[in-house]
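Single-letter residue listing:
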Amino acid sequence: MKNVLFRWFDSDVGHSFRTSPVAVTAAVIAFVCIFCSVFAGWVAPHNPFDLASLELGDARLPPAWSEGGSSKYLLGTDDQGRDILSALIYGARISLVVGVVSVILSVAVGVLLGLLAGFLGGWLDAFLMRLCDVMLSFPPILVALLIAGVGRALFPNAHESLAFGVLIISISLTGWVQYARTVRGSTLVERSKEYVQAARVTGVAPLRIMLRHVLPNVTGPVLVLATIQVATAIITEATLSFLGVGVPPTSPSLGTLIRVGNDYLFSGEWWITVFPGAMLVLIALSVNLLGDWLRDALNPRLR
């Protein structure tokens, strides 16, 4: 593991990372957010989901540095007396899980369909590309809103895991299209190269050629696109939760916290919605900056 890490730091991509202050800063911010989210039970000062520990008398307290604030709650409390900082850490974990899992699902479906369309061609290529055109004609947030709303209507008393599954599928339903088109374009270029022709002549099966020869050479654009799409998926999840069709209310994400705080924004309790909004912007911005750096690092023409 150490040798792999050292080799990566000595590579061109590692050198590009070390010499880019923006990439290093974005990576540090993303790492801190992910670490706090994964180990929320140990990092968070309070458990916002423990109803027995909530005190309604501490509801809507301002941040600790403001008049009337308490050092017990660094960023203040919401309308139920939950610690905002702890709610942010737990809410970010839910947003990150939904965003990452939906992107993984989109990548798996999009890469597979893109490889088949680009390598096999013919009627399968035409059908899949027309399907992509149809999917791109609908706004992604509208499709996600429709699927999530229908899923909640069909399963009103569903378990939380099913609700998360419906949300992830609704976000992934339109996300695979960009991967399919990207991989198809790269596959069309790779399948005409000499190493693919040599593999065909030696009798290598088409599936093995796609997986062992073509796929490793088309993963660069996919990694860049997936990094950027994580931020998009997180924002989409926050939008759906803000509209009330996202994650269950018992497991609030950043979008749910923003929606709850929006009711108190003009009554003076600005911290209830400003801090979740700032956390969402910070995560999305850091991931997008990492995606921009990765695009430049993997493309020699942009260096």
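Before any of the text, the structure's been laid out above.
A brief structural summary. If you're wondering where the values come from, they're calculated on a predicted model, not measured in any experiment. (Residues numbered from 1 in each chain as written. Predicted model: local features only at pLDDT ≥ 70, side-chain atom pairs only at ≥ 80, totals over all residues. Heavy atoms only, no water.)

## Section: the overall build of the protein
Move 1: A tally of helices and strands in the protein yields 13 helices and zero strands.
Move 2: Secondary structure elements of the protein occur, N-terminal to C-terminal, as α-α-α-α-α-α-α-α-α-α-α-α-α.
Move 3: Dimensions of the protein along its principal axes, counting C-alpha atoms only, are 75 × 50 × 30 Å.
Move 4: Per-residue burial over the protein gives 43% buried out of 303 residues.
Move 5: A sequence separation of at least 24 residues applies to 70% of the contacts in the protein between residues at least 6 apart.
Move 6: The positive charge centre, built from 20 side chains, and the negative charge centre, built from 19, are 15 Å apart in the protein. (Helix = DSSP H or I, 4+ residues; strand = E, 2+ residues; numbered from the N terminus. Buried < 20%, exposed > 50% of the residue type's maximum accessible area, 1.4 Å probe, protein only. Contact = heavy atoms within 4.5 Å. Lys, Arg positive; Asp, Glu negative; His and termini not counted. Charge placed at Lys NZ, Arg CZ, Asp CG, Glu CD.)

## Quick notes on a nonpolar patch on the surface
Move 1: Together, V24, V28, F31, V32, I34, F35, V38, F39, W42 and V43 make up an exposed nonpolar region whose accessible area comes to about 960 Å².
Move 2: At the level of elements, α3 (21–38) and α4 (40–43) are the ones that each hand at least two residues to the nonpolar patch.
Move 3: When residues in the nonpolar patch are grouped by element, the largest group, seven residues, is from α3.
Move 4: Structurally, F39 is set in the loop between α3 and α4.
Move 5: A relative accessible area of 36% means that F39 is categorised as partly exposed. (Patch = residues over 30% accessible without salt bridge, like charges linked within 9 Å, V, L, I, M, F, W, Y side chains within 5 Å. Areas by Shrake-Rupley, 256 points an atom, 1.4 Å probe, with all protein chains shown as cover. Salt bridge = Lys/Arg side-chain N within 4 Å of Asp/Glu carboxyl O.)

## Some thoughts on the side chain of T256
Move 1: Considering the arrangement of structural elements, one finds T256 in helix α12 (residues 254–262).
Move 2: Looking at T256, the relative accessible area reads 5%, which means it is buried.
Move 3: With sequence-adjacent residues up to four places away left out, T256 is seen in contact with S241 and V247.

## Let's talk about the pattern of salt bridges
Move 1: Counting across every chain of the model gives five salt bridges.
Move 2: In this structure, D125 and R184 form a salt bridge, with 2.6 Å as the shortest nitrogen-oxygen distance. Remark: R184 occurs in helix α8 (residues 160–190) and D125 occurs in helix α6 (residues 122–136); sequence separation between them is 59 residues.
Move 3: Owing to a relative accessible area of 11%, D125 belongs among the buried residues under this scheme.
Move 4: The closest approach of N and O atoms between K193 and E190, which form a salt bridge, is 3.2 Å.
Move 5: Judged by relative accessible area, which is 37%, K193 ranks as partly exposed.
Move 6: When salt bridges with common partners are traced through the structure, they connect R130, D133 and R181 into a single cluster.

## Brief notes about the packing of aromatic side chains
Move 1: Inspection of the entire model under this criterion finds six aromatic pairs.
Move 2: Aromatic pair W65 and F275: ring centres 6.3 Å apart, planes at 85°, arrangement edge-to-face. Highlighted residues: W65 in the loop between α4 and α5 (84–120) and F275 in helix α13 (residues 271–298), separated in sequence by 210 residues.
Move 3: The exposure class assigned to W65 is exposed, which follows from its relative accessible area of 55%.
Move 4: Taking the relative accessible area as the measure of exposure, F275 reaches 16% and is therefore buried.
Move 5: Seen in terms of ring centroids, W270 and W271 are 5.8 Å apart; in terms of plane orientation they differ by 85°. Their pairing is edge-to-face. (Phe/Tyr/Trp six-rings, centres within 6.5 Å; stacked < 30°, edge-to-face > 60°.)

## Regarding unusual backbone geometry
Trans peptide bonds make up the majority, and among non-glycine residues the majority have a negative phi.
Move 1: The residue R60 is not glycine, and still its phi comes out positive at about 55°.
Move 2: Summarising the element assignment, R60 is placed in the loop between α4 and α5.

## Quick notes on the nonpolar core
Move 1: Counting 50 residues, the largest nonpolar core has L88, V98, L254 and I283 as the members making the most contacts within it.
Move 2: Per-element tally for this core: the top contributor is α5, with 12 residues.
Move 3: Setting aside its immediate chain neighbours within four residues, L254 contacts L88, G91, A92, S95, P276, M279, L280 and I283.
Move 4: Of all hydrophobic cores here, the second largest spans 11 residues; its members include A30, V224, L290 and W293. (Core = buried A, V, L, I, M, F, W, Y, C linked by side-chain atoms within 4.5 Å.)

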